[in-house]
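# Close look at the chain arrangement
What follows is each chain in one-letter form.
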Amino acid sequence: MDITDLMRRREGETSISTENLLFLVGDTTLDIGDMTVVREEEIIDFCVREEIVTTVEAKADPPEGKTCFDIDNYVITTDPKECRVDVSITCMDEEGTDCDEITVPTFKCNEGEVPDVLTFSYVGGGCGQS
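Each value, and the rule that gives it
Residues numbered from 1 in each chain as written. Predicted model: local features only at pLDDT ≥ 70, side-chain atom pairs only at ≥ 80, totals over all residues. Heavy atoms only, no water. Helix = DSSP H or I, 4+ residues; strand = E, 2+ residues; numbered from the N terminus. Buried < 20%, exposed > 50% of the residue type's maximum accessible area, 1.4 Å probe, protein only. Contact = heavy atoms within 4.5 Å. Areas by Shrake-Rupley, 256 points an atom, 1.4 Å probe, with all protein chains shown as cover. Pairing = 2+ DSSP bridges. Salt bridge = Lys/Arg side-chain N within 4 Å of Asp/Glu carboxyl O. Disulfide = S-S within 2.5 Å. Axes fitted to C-alpha atoms, helices over the stretch in contact; angles between N-to-C directions.

## Description of the overall build of the chain
Secondary structure summary: the chain contains zero helices and four strands in total. Scanning the chain from its N terminus toward the C terminus, one meets helices and strands in the order β-β-β-β. Sorting the 130 residues of the chain into buried and exposed places 13% on the buried side. Sequence separation of 24 or more characterises 53% of the internal contacts of the chain that already satisfy a separation of 6 or more. Of the roughly 11500 Å² that the chain leaves accessible, carbon and sulfur atoms contribute 51%.

Structure below.
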């Protein structure tokens, strides 16, 4: 028996996709009693409430007789009660120096003290008054 078609349709609340998965089948020729397995990875956001229905259709032609056909589906429902996110922030300058290791510049006007307040004054008017 030769597997001739293997289609997957995945339908969620925010997206629909259909893909031919026949290329994932190692050997499309099966003898009586044989089986094959196809694996596909999908990333699912469990922090979003959603119902995702996956349907797989397969067709195969026996050496003699009618085409064999099967369809199956499964449903994944995400129902987040709580969603925790782990965030890691790294601060570096253009040279890759950690922000905590950057030395504060010394300015002539601050008598050696680290500046902690900068004040800007904006004066309205034409460009000639700048």
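## Focus on the pairing of strand 2 (residues 16-20)
Across five bridges, strand 1 (residues 2-11) lies against strand 2 in antiparallel orientation. In the sheet register, Arg8 faces strand 2, and the bridge partner there is Glu19. Remark: four residues form the turn of the hairpin made by strand 1 and strand 2, two consecutive strands paired antiparallel.

## Details of the pattern of salt bridges
This structure, assessed with the given rule, holds seven salt bridges. For Arg9, the salt bridge identified is with Glu11, shortest N-O distance 3.2 Å. Looking at Arg9, the relative accessible area reads 37%, which means it is partly exposed. Judged by its relative accessible area of 36%, Glu11 falls in the partly exposed class. Here Glu42 and Arg10 are joined by a salt bridge, their closest N and O atoms 2.9 Å apart. Taken as a pair, Glu42 in the loop between strand 2 and strand 3 (50-61) and Arg10 in strand 1 lie far apart in primary sequence, 32 residues in all. Judged by its relative accessible area of 45%, Glu42 is partly exposed.

## As for the state of the cysteines
A complete count under the given rule lists one disulfide for this structure. One disulfide in the model links Cys91 with Cys99; its S-S distance is 1.6 Å. Its S-S torsion of about -65 degrees marks the bond between Cys91 and Cys99 as left-handed, since a negative value means left-handed. Residue Cys91 is classed as partly exposed on the basis of its relative accessible area, which comes to 39%. When its relative accessible area of 27% is taken as the criterion, Cys99 is described as partly exposed.

## Some remarks on the pairing of strand 4 (residues 68-78)
As paired elements, strand 3 and strand 4 share eleven bridges and run antiparallel to each other. Bridge pairing links Glu50 to Thr78 in strand 4. Here strand 3 folds back onto strand 4, and the loop between the two strands holds six residues, one of which, Gly65, carries a positive phi near 110 degrees.

## Topic: the sheet that holds strand 1
One open sheet accounts for four strands, arranged 2-1-3-4; its pairing is antiparallel. On the outer flanks of this sheet lie strand 2 and strand 4, each paired with one strand and no other. Between one strand axis and the next, the sheet turns by 15 degrees as a mean value, whatever way the strands run.

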